[in-house]
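Chain residues, written in single-letter form:
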Amino acid sequence: MKYTNEEILAGCNKMCQNTLMETLRIEFTEVGDDFIVARMPVTPRIHQPDGVLHGGASVALAESVGSAGAYFFLNSDEIVIRGIEIAANHVKSVRDGYVYAHATIVHKGRTTQLWQIKITNEAGELVSLVKLTTLTLPKKN
């Protein structure tokens, strides 16, 4: 089953309801042939005690975007996606505004997928660089 870009974005945003992604206010904004983008507002609710974006929130954003991309790019309603490894390097602090996660597929296998996710601030500066490996499993009825 092939999804249109509009269907992918609508599906991703619908999946966020009643999840951590809704709590973090993650919104999917763009999709292409090999990438997907989402944004997340940086507010005190996701700060570390010293007032900057918590690295765990960045990692949650990255895994959410990569996993959603894997699900839709594999074009099947008969699978579930699980993140099996994630590594993040945080290189810049953010206190407010939005961060954007741009996930690009590096390897699109039937069983595993490898994603690179660049998280940037509103000025386009790199905040975090994340590598995510996802696993495709059959959906259990």
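The structure presented is a predicted model; accordingly, all values stated were derived computationally and were not measured.

It is worth spelling out unusual backbone geometry at this point. Most peptide bonds take the trans configuration, and most residues that are not glycine carry a negative phi. Even without being glycine, Asn18 reaches a positive phi, approximately 60°. Counting through the fold element by element, Asn18 comes out in the loop between α1 (5–15) and α2 (20–23). One non-glycine residue with positive phi stands out, namely Arg25, at about 60°. Along the chain, Arg25 turns up in the loop between α2 and β1 (27–31).

Positionally, Ser128 belongs in strand β6 (residues 126–138). By relative accessible area, which is 1% here, Ser128 ends up buried. A distance of 2.7 Å separates polar atoms of two side chains, one belonging to Ser128 and the other to His90. Look past the residues within four positions of Ser128 in its chain and what remains in contact with it is Ser58, Asn89, His90, Val91, Ile117, Lys118 and Ile119.

A grouping of Val91, Leu126 and Leu129 is seen on the molecular surface, where their side chains present a nonpolar patch of about 230 Å² in accessible area. The residue Val91 is located in the loop between β3 (79–90) and β4 (97–108) in this model. On the accessibility criterion, Val91 (55% relative accessible area) is exposed.

All right, on to the nonpolar core then. Counting residues in hydrophobic clusters, the biggest one holds 39 residues, and the most contacted among them are Phe28, Met40, Leu61, Ile117 and Ile119. Among the secondary structure elements, those contributing two or more residues to this core are α1, β1, β2 (35–42), α3 (55–73), β3, β4, β5 (112–120) and β6. Contact partners of Met40, with chain neighbours within four places excluded, come to Leu24, Arg25, Ile26, Ile46, Leu53, Ala57, Ser58, Leu61, Gly97, Tyr98 and Val99.

Each value, and the rule that gives it
Residues numbered from 1 in each chain as written. Predicted model: local features only at pLDDT ≥ 70, side-chain atom pairs only at ≥ 80, totals over all residues. Heavy atoms only, no water. Helix = DSSP H or I, 4+ residues; strand = E, 2+ residues; numbered from the N terminus. Buried < 20%, exposed > 50% of the residue type's maximum accessible area, 1.4 Å probe, protein only. Polar contact = N/O pair within 3.5 Å; in protein donor to acceptor, adjacent residues only side chain to side chain. Contact = heavy atoms within 4.5 Å. Patch = residues over 30% accessible without salt bridge, like charges linked within 9 Å, V, L, I, M, F, W, Y side chains within 5 Å. Areas by Shrake-Rupley, 256 points an atom, 1.4 Å probe, with all protein chains shown as cover. Salt bridge = Lys/Arg side-chain N within 4 Å of Asp/Glu carboxyl O. Core = buried A, V, L, I, M, F, W, Y, C linked by side-chain atoms within 4.5 Å.

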